[in-house]
Structure formats: structure tokens, C-alpha cells
Amino acid sequence: MDLPPYTANSTLINGRGRYAGGPMSPLSVINVEQGKRYRFRIIGASCDPWFNFTIDGHAMTVIETDGIETEPLVVDSLSVFAGQRYSVVVTANQTLGNYWIRALPSHPNKTFDGGQSSAILRYNGATEQEPTTEHGPYVLPYDESNIHPLIAPGAPGVPEPGKADVNINLTPGLVDHNYTINGVTYTDPPLPVLLQILRGAWHPSQLLPSGSVYDLPRGKVIELSVPATELTAGGALGGPHALHLHGHTFDVIRAPGSQRFNFVNPVRRDTVSIGSQAIKDNVTIRFVTDNPGPWFIHCHTNFHLHKYVAMNADRLELLLLLILPLFSGFAAVMAEAPPEAAIQESQVIPSNSPSSSSLSLLDRRNSDDWNELCE
């Protein structure tokens, strides 16, 4: 039985790809007209590896990260982690022909042999054949610290590290096959955190899972510091980890690969690599609590968050899963302004009363439909 983490056989671009020893199946083709500019939306849809994305003979101008428009930045290679999104502009300014689009994964079996990890950029009028272009050299690699928001740049709060209204260190680890944040492995609570809040649990000591819920007051600047720890005993192996926060975009005041802080125009996004301890990365982000609710923060590598059981698992496989626990638990919950969240969300609590819109929060909690929802 195969257990995660898995090494994929094939990289797919727009649903098509090849694998070692497999057939020469058709690859995805992007048709372009010479002289025109094209916006490519690049989505990191993997559940584990990150990709180095390139187009032979063509530079790319980054204009958006995770839905945030950016000042244009020209690159010739782009690192794309799980959950990340980019828009790049590509100018079809080369000789008519076919050019390899490449997405080299971080897995050990990475290769371009036989058209693996590839798609085709084809100029209108070119012969329909596979490219013969060569990759590299790359002299303009993507650097997160060089990306700046186009609109309203600047991190909130006092422009000094550790001077936000609320400062939290989130230190990832790995203990007994389970990932941890600040020594605690996230486990699914018996009731979603939002429903716990709506039932009146507003203090972190009341919210489950215990130790994984952080209470954040409304209208404050929050600073989260997340060091890479893979070289430390008990550290979070399997990186670089792509950290994703629900409910917010954030300013990355210390980007991966950088030792300096930027409060003036840091990259703004919702998913960031926490980098590598080998280069002393300690990614730090800031955001304002202006969106009440419980917001999940987690590694976007699926196998670092959940245990998985195959749909066709037999009894032996299920027994092995009990004996050999799988990596999971790389997550926490930012419980933002629980009282305000309860009031805001109480308007959608189901009730079997025809005049449900006039029910108080307590009345709604006592309704039959509400009690059934929370069972």
C-alpha cells in the first residue's frame, strides 16, 4: 500500500501530461498570434509539490498575486506553490514556431524527458509539431520581495517588527508523524468553530480544538511570525510549506528569502511560502481584523493537514493506517472577534418559526433546526 506523502507520476498543465514509460499522449497547446500580448492566469493546483514555471524564449511580466494587482515585474521563471495564483503578461515576440511551456515540480523524479512536465506555446501559422527549444538560462528569477501592490501599498501599524497591536509567533513542528503549531497538533473539533461561537463559546479556553484557537480582537493590527524549522530537531520537515490564511489577504513584511522587513510596499497575498531554515527564513505577515469570524490558517500541502484513506481501502490498509499514523495537523484557527461574529452570523441560523427574523440569538439556539445542526 502506498502511503503519503506521494510522489506524483505526472505533472498536468490544463489537465494534460505524460509520465515515464507512458504513451506520448497529447499535451495542452496554447495558441498565440505573433505580436500580441496575452494574460496567463497560473494556478498552483497541486496538493504537494511546488513548480518552477517557465516559457522557453519568453519573459513574463507579473501583474497579480492571489487576486491582488501588482506593479509590473519582469521575470523569466516563476515559483508557484500549492494554492498560489498569479497573472503574467507574455508577449508573443519570437519567431513563428513552437516553444515549451515548462512546470518543473519539486519532487525528486522531476524531468522534461519526452515532454513530461510540459505544454506547448504555438504561434499561429507554425507547424503542428512538438517544440525543440531548450530551457534556460534563467537570469530573472521571481523574488517575492520585489513584488509590490499596485493599489494602496503599505503594511498596517507601527513600522517596526513586533510593534503590531497583537504579535503571535507560530512555530511549526513535527512530532510522532503529526505536524504542530506551537506544540499543538490541529484536530477536527466535534463541532465547527463558527457553530461553537454561535452557541456562546467566545473565549479561547472554551473553543475546540484546545490550543489551536487564537482569539483576535476586532479592529487591531495582527502580526504573525512563522519561522522555517526543518533543520531543528522536531522541526517541520517537508517544506517549503505554503501557508494560507482564510478570510484575509495579508502584507508579507518579511518575505521568504529575505532578511529585511518592508513596511512601505510589501507583497500582499493570501498564500505564502515560509521558506527554508537553511537561509534563516522567518516569514512575517500583517493584517487588520476587519472581518469577524473563525479563520483557518494552514499549510496548503494536503498531506500536512489531513489524514487520507483511499476510497477503496481494504481492511489491511485500514489496519495499517491505525498502526502507521500519517502526517497531519499543520493548522490553527484565528478566532476573530467572536462576539461580533456571533451577532453577525446569528442572522442565518435556521429556525422553524415563521418569524425567524425577529428571534433573538438565544431563541435561535433553542430552535429544533439549530439543535439538529449542532448535533
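Our structure is the block above this text.
None of the values given here were measured: they were computed from a predicted structure.

**Digging into the packing of aromatic side chains**
Here a ring pair, both rings aromatic, is described through the centre-centre distance and the interplanar angle of the planes. Evaluated as defined, the whole model comprises 6 aromatic pairs. Their ring planes at 25 degrees and their centres at 5.1 Å tell us that W50 and F81 sit as a pair that is stacked. Placement of W50 in the loop between strand 2 (37-43) and strand 3 (51-55) and of F81 in the loop between strand 6 (78-80) and strand 7 (85-91) is noted, with a sequence separation of 31 residues between them. Note that R102 overlies the ring of F112, its terminal NZ or CZ placed 4.6 Å from the centroid.

**What about the sheet that holds strand 6?**
The mixed open sheet is built from 5 strands, whose spatial order is 1-9-8-3-6. The open sheet is flanked by strand 1 (29-32) and strand 6, the only strands paired with a single partner. Across the sheet, the axes of successive neighbouring strands diverge by a mean angle of 25 degrees, strand direction being ignored. Note that strand 3 and strand 8 (residues 98-105) share 5 bridges and pair antiparallel. From the neighbouring strand, F53 faces strand 8, where its bridge partner is A103.

**Observations regarding a nonpolar patch on the surface**
Nonpolar side chains collect at one region of the surface, where V74, V139 and L140 lie side by side and expose about 270 Å² of accessible area between them. Among the secondary structure elements, L140 is positioned in the loop between strand 9 (118-123) and strand 10 (166-169). What makes L140 partly exposed here is its relative accessible area of 39%.

**Topic: the sheet that holds strand 13 (residues 213-216)**
Strands pair in a sheet through their backbones, by hydrogen bonds, and they do so in one of two ways: parallel or antiparallel. In space, the 5 strands of this open sheet follow the order 13-21-20-15-18, with mixed pairing throughout. Two strands bound the open sheet, and with one partner strand each, they are strand 13 and strand 18 (271-273). When strand polarity is set aside, the average angle formed by the axes of neighbouring strands in this sheet is 20 degrees. Direction of pairing for strand 15 (residues 242-245) relative to strand 20 (residues 293-299): antiparallel, over a ladder of 3 bridges. Bridge pairing in strand 20 places L245 opposite I297. Each of strand 13, strand 20 and strand 21 (331-336) touches helix 3 (residues 338-345); the most contacted strand, strand 21, lies at about 75 degrees to it.

**Considering the nonpolar core**
In terms of nonpolar packing, the biggest core is built from 54 residues, with F53, L78, L170 and L224 touching the most fellow members. Not counting residues up to four positions away in its chain, the partners in contact with L170 are I181, N182, Y214, L224, S225, V226, P227, I297 and M334. Of all hydrophobic cores here, the second largest spans 15 residues; its members include L191, A201, A335 and A342.

**A few points about the environment of V333**
Counting through the fold element by element, V333 comes out in strand 21. Assessed through its relative accessible area of 4%, V333 is described here as buried. Along the primary structure V333 and I297 are separated by 36 residues, whereas in three dimensions their C-alpha atoms are 5.9 Å apart. With residues near it in sequence (within four places) discarded, V333 still touches Y186, V193, S212, V213, Y214, P294, W295 and F296.

**Details of the environment of I68**
Mapped onto the elements, I68 comes out in strand 5 (residues 68-75). Placed 18 residues apart in sequence, I68 and Y86 show a C-alpha to C-alpha distance of 9.0 Å. Those residues in contact with I68 that sit more than four places away from it in its chain are I63, P149, T249 and R268.

**Some points on the pattern of salt bridges**
Evaluated as defined, the whole model comprises 10 salt bridges. Its salt-bridge partner being E223, residue R286 comes within 2.8 Å of it at the nearest N-O pair. Of this pair, R286 sits in strand 19 (residues 282-288) while E223 is found in strand 14 (residues 221-227), placing the two residues 63 residues apart along the sequence. A single burial state applies to R286 and to E223, both of which are buried. Salt bridges sharing common partners tie together D66, R85, E144, R269 and D270.

How each quantity is defined
Residues numbered from 1 in each chain as written. Predicted model: local features only at pLDDT ≥ 70, side-chain atom pairs only at ≥ 80, totals over all residues. Heavy atoms only, no water. Phe/Tyr/Trp six-rings, centres within 6.5 Å; stacked < 30°, edge-to-face > 60°. Helix = DSSP H or I, 4+ residues; strand = E, 2+ residues; numbered from the N terminus. Lys NZ or Arg CZ within 6 Å of the ring centre and 35° of its normal. Pairing = 2+ DSSP bridges. Axes fitted to C-alpha atoms, helices over the stretch in contact; angles between N-to-C directions. Patch = residues over 30% accessible without salt bridge, like charges linked within 9 Å, V, L, I, M, F, W, Y side chains within 5 Å. Areas by Shrake-Rupley, 256 points an atom, 1.4 Å probe, with all protein chains shown as cover. Salt bridge = Lys/Arg side-chain N within 4 Å of Asp/Glu carboxyl O. Buried < 20%, exposed > 50% of the residue type's maximum accessible area, 1.4 Å probe, protein only. Contact = heavy atoms within 4.5 Å. Core = buried A, V, L, I, M, F, W, Y, C linked by side-chain atoms within 4.5 Å.

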